[in-house]
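Take a look at the letters that make up each chain.
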Amino acid sequence: MNVDLITRDDLDKFKKELLEEIRRYQQYPRKPGQETRVWLKSYEVRKLLNISAGTLQNLRINGTLPYNKIGGLMYYRYEDIQKLMDGDNNDK
């Protein structure tokens with residue numbers, strides 16, 4: 001059996017590469033003048049839509065706002081939020 005050891009340096013290198021790749025695909029701006037990101041966290045969506053955590057949960061539960069769960073965090077596509085704000089609730 002072939003065994004590969006993963007060192008702390010290997011994990012640090014992987015972390016940096018992963019974060020760089022994630023940042024490359026972001027579209028929603030955090031501050032004015034920055035590029036927009038594709039995926040938003042729950043607190044960013046609540047702030048953008050000016051809604052409570054409970055309202056956001058209701059939008060998830062009833063399927064109005066699609067999301068992806070990674071680890072313990074919920075992520076929402078900026079495009080889906082735009083459609084919700086524009087009143088376009090048609091399913092794909």
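Calculation criteria
Residues numbered from 1 in each chain as written. Predicted model: local features only at pLDDT ≥ 70, side-chain atom pairs only at ≥ 80, totals over all residues. Heavy atoms only, no water. Helix = DSSP H or I, 4+ residues; strand = E, 2+ residues; numbered from the N terminus. Buried < 20%, exposed > 50% of the residue type's maximum accessible area, 1.4 Å probe, protein only. Areas by Shrake-Rupley, 256 points an atom, 1.4 Å probe, with all protein chains shown as cover. Phe/Tyr/Trp six-rings, centres within 6.5 Å; stacked < 30°, edge-to-face > 60°. Lys NZ or Arg CZ within 6 Å of the ring centre and 35° of its normal. Arc of directions from axis to C-beta. Contact = heavy atoms within 4.5 Å. Core = buried A, V, L, I, M, F, W, Y, C linked by side-chain atoms within 4.5 Å. Polar contact = N/O pair within 3.5 Å; in protein donor to acceptor, adjacent residues only side chain to side chain. Pairing = 2+ DSSP bridges. Axes fitted to C-alpha atoms, helices over the stretch in contact; angles between N-to-C directions.

The name an unreviewed UniProt entry gives the chain is DNA-binding protein, with Flavobacterium circumlabens as the organism.

Undergrad: Explain the overall build of the chain to me, please; I cannot follow it from the model alone.
TA: Each helix and strand counted, the chain has 4 helices and 3 strands in total. In the chain, the succession of α and β elements from N to C terminus is α-β-α-α-β-β-α. Counting over 92 residues, the chain shows a buried share of 17%. As displayed, the chain offers around 7,800 Å² of accessible surface, 49% of which is attributable to carbon and sulfur atoms.

Undergrad: Please explain the environment of Val38 as it appears in this structure.
TA: Summarising the element assignment, Val38 is placed in the loop between helix H1 (8-24) and strand S1 (39-41). Sequence separation of Val38 and Tyr78 is 40 residues, and the distance between their C-alpha atoms is 5.4 Å.

Undergrad: Can you help me understand the packing of aromatic side chains in this one?
TA: One pass over the full model with this rule turns up 1 aromatic pair. Between Arg60 and the ring centre of Tyr67, over which it is positioned, the NZ or CZ distance is 5.7 Å.

Undergrad: Teacher, can you tell me more about helix H2 (residues 42-49) here?
TA: Note: α-helices contain 3.6 residues per turn, so residues at a spacing of three or four share the same orientation. When H2 is considered as a whole, its buried residues turn out to be Ser42, Glu44, Val45 and Leu49. For H2, the buried positions fall inside an angular range of 160 degrees around the axis, keeping them on one side. Buried-residue contacts for H2 involve S1, helix H3 (53-61), strand S3 (73-77) and helix H4 (78-86). Immediately beyond the C-terminal end of H2, within one or two residues, lies Asn50, with a positive phi of roughly 55 degrees.

Undergrad: How should I be thinking about the nonpolar core in this particular structure?
TA: A general tendency of soluble globular proteins is for nonpolar side chains to be buried together. With 10 residues, the main nonpolar core is built from Leu40, Val45, Leu49, Leu56, Leu59, Leu65, Met74, Tyr76, Ile81 and Leu84. Look past the residues within four positions of Leu65 in its chain and what remains in contact with it is Val45, Leu56, Leu59, Arg60, Tyr76, Asp80, Ile81 and Leu84.

Undergrad: Just checking my understanding: could you explain the side chain of Glu44 for this structure?
TA: Inspection of the secondary structure assignment puts Glu44 in helix H2. Looking at Glu44, the relative accessible area reads 6%, which means it is buried. At 2.7 Å, the side chain of Glu44 forms a polar contact with the backbone nitrogen of Lys41.

Undergrad: Help me understand the sheet that holds strand S2 (residues 68-70) in this model?
TA: Strand pairing in a sheet is mediated by backbone hydrogen bonds. Such pairs are either parallel or antiparallel. Taking strand neighbours across the sheet as the criterion, the 3 strands line up as S1-S3-S2 in an open arrangement whose pairing is antiparallel. The sheet terminates laterally at S1 and S2, the two strands that pair on one side only. Across the sheet, the mean angle from the axis of one strand to that of its neighbour is 40 degrees, orientation sign disregarded. The sheet contact formed by S2 and S3 spans 3 bridges and is antiparallel. Its bridge partner lying in S3, Asn68 is registered against Tyr75. On the sheet, H2 packs against S1 and S3 and is oriented at approximately 90 degrees with respect to S1.

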